[in-house]
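Residues per chain are reported as follows:
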Amino acid sequence: MSEQPRRPRKPGKPYRRPQKDPVRLLAFEALRAVDERDAYANLVLPPLLRKAREKEGPEKFDARDAALATELVYGTLRRQGTYDAIIADCVDRPLREVDPPVLDVLSLGVHQLLGTRIPSHAAVSASVELARVVLGDGRAKFVNAVLRKVARDDLDGWLERVAPPYDEDPEDHLAVVHSHPRWVVSALWDSLGGGRAGIEDLLAADNERPEVTLVARPGRATTDELLGEEAAVPGRWSPYAVRLSEGGEPGAVEAVREGRAGVQDEGSQLVALALAGAPLEGPDRHWLDGCAGPGGKAALLGALAAERGAFLLASEKQPHRAGLVAKALDGNPGPYQVIAADGTRPAWRPGSFDRVLVDVPCTGLGALRRRPEARWRRRPEDLEGFAPLQRGLLRGALDAVRIGGVVAYATCSPHLAETRAVVTDVLKQHPGADLLDARPLLPGVPALGEGPDVQLWPHLHGTDAMYLALIRRTA
């Protein structure tokens, strides 16, 4: 058989292999993991960065590469709702018909165009190169066409076009402008109260990169030691808190590596401190953390209990999370025990404890700064799934505490269905319990409302939106 003659190559530019950009490729891989596996960026990104730093040659990361990759991932996730609205205006099909990997590349490109200082031509060309690597040349042309449309205006101009006017639909306007699902905007507004300024400040704070906050565990580390670290400044409210300014790396802090200090939001520290400081009637020897995973509050409570010679029992239903609690408490100077047990079916006798903390599972709407993908993953119906567990854990805590003892009910959600509604319902069924005013136990913290419970806010306190109710058992 005779060999067929080759077809002559069409005149034009010669084919060029796509250039791999390790920073943008890593960011794309992280977004795919979040989308495909329901992973959390704060869990999937660190090992990807660590692996990139360990590489040799041109693909090895330096600190600037890591910072850019982190900004691309978190910035894209935080502004996903806004970027989806903009992309939808630039394509000729419903957004749901755009393949998710293509949408991830587009979103990364839009963030570079509208959310960073990267020049427009560089943002487009880098995104098209990424598309050629991970999607192929055909779909790269689609990415190029869409991003060139996006590049014609800035973010403010696009918001004027894609967000409905505030006067016509306030919640939908805020949802698009501040990149939150409409139902989350509504829920946060209900809990916060007030007018437009407050909710805009809160939603904007949710889109800010949170500071890294450390806790110096009493008896094991001091704030003075932590303040000796580069980029460290004092905490705002907790006497054990130290904040790392931008660029501070907690893994580089010796006390953190040794477990004498930890990474813990200041709101979380305040919850533990309020329970530890609540006035008691009678002895103060036995403390319980009834939902202890992953162990941050338990480690602080254990250290505080040790200073008074009290014993801490840290209970966590999930065995693997109980293992994290044990690791956090390892080296605690006082007596403690970690068990895997269900707080709704207690492994202890009623009335065994003087102080009890239940930081219950919830939607996590108070930590959207740290887990931005959670806002897109949660649904209103999730509240119904958490409700029985939250009430069961609070009832179990009230049974576990002795008469005269104190229970702290906490949750990292400001949603009224997970905060006051739970406390109100359980106290109706448990007449031998009274709410304590938690505000005096957070000295110096402003804007704590009318009490007796406390709701912290990112835009007012610089913390996660932790909720706290203190309850004394009276009968």
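Coordinates for the structure precede this section.
Residues numbered from 1 in each chain as written. Predicted model: local features only at pLDDT ≥ 70, side-chain atom pairs only at ≥ 80, totals over all residues. Heavy atoms only, no water.

In total, this model carries 2 aromatic pairs according to the counting rule given. Ring geometry for Trp 348 versus Phe 353: centroids 6.0 Å apart, planes at 85°, classification edge-to-face. Each member of the pair Trp 348 and Phe 353 is classed as buried. Judged by centre distance (6.3 Å) and plane angle (70°), the ring pair of Tyr 409 and Tyr 467 falls under edge-to-face. Taken together, the positions of Tyr 409 in strand β9 (residues 401–411) and Tyr 467 in strand β12 (residues 467–473) put the pair 58 residues apart, joining distant regions of the chain. Exposure remark for Tyr 409: the relative accessible area of 0% places this residue in the buried category. The buried category is assigned to Tyr 467, whose relative accessible area is 2%. Lying over the aromatic face of Tyr 166, Arg 196 brings its terminal NZ or CZ to 3.8 Å of the ring centre. One Lys or Arg, Arg 377, reaches over the ring of Tyr 40 and ends 4.9 Å from the middle of that ring. (Phe/Tyr/Trp six-rings, centres within 6.5 Å; stacked < 30°, edge-to-face > 60°. Buried < 20%, exposed > 50% of the residue type's maximum accessible area, 1.4 Å probe, protein only. Helix = DSSP H or I, 4+ residues; strand = E, 2+ residues; numbered from the N terminus. Lys NZ or Arg CZ within 6 Å of the ring centre and 35° of its normal.)

Further remarks concern unusual backbone geometry. A cis geometry characterises the amide bond from Gly 293 onward to Pro 294, with omega recorded as 0°. Along the chain, Gly 451 connects to Pro 452 via a cis peptide bond; the corresponding omega equals -5°. The phi dihedral of Ser 179 is positive, around 60°, even though this residue is not glycine. The backbone phi angle of Ala 231 is positive, close to 70°, even though this residue is not glycine.

Moving on, we get to the pattern of salt bridges. Side-chain pairs of opposite charge can arise where the charged atoms are in close proximity. Inspection of the entire model under this criterion finds 34 salt bridges. The closest approach of N and O atoms between Asp 284 and Arg 308, which form a salt bridge, is 3.1 Å. Of this pair, Asp 284 sits in the loop between α14 (266–277) and β5 (286–289) while Arg 308 sits in the loop between α15 (296–307) and β6 (311–315), and the two are 24 residues apart along the sequence. The shortest N-O distance in the salt bridge between Arg 355 and Asp 284 comes to 3.1 Å. Here Asp 284 lies in the loop between α14 and β5 and Arg 355 lies in strand β8 (residues 353–359), a separation of 71 residues in the sequence. Accessibility expressed as a relative area gives 4% for Arg 355, which makes it buried. Each member of the salt-bridge network shares a partner with another, and the members are Arg 32, Asp 35, Glu 36 and Asp 104. (Salt bridge = Lys/Arg side-chain N within 4 Å of Asp/Glu carboxyl O.)

Backbone-to-backbone hydrogen bonds join strands into a sheet, with any given pair of strands oriented parallel or antiparallel. Read across the open sheet, the 4 strands follow the order β2-β3-β1-β4; overall the sheet is antiparallel. With one partner strand each, in any of the chains shown, β2 (232–234) and β4 (261–263) form the two edges of the open sheet. The mean inter-strand angle of the sheet, taken between neighbouring strand axes irrespective of direction, is 30°. Pairing between strand β1 (residues 212–216) and β4: 3 bridges, direction antiparallel. Within β4, the position partnered with Val 215 by the bridge is Gly 262. Relative to the sheet, α14 contacts β1 and β3 (241–244), its axis offset from that of β1 by approximately 30°. (Pairing = 2+ DSSP bridges. Axes fitted to C-alpha atoms, helices over the stretch in contact; angles between N-to-C directions. Contact = heavy atoms within 4.5 Å.)

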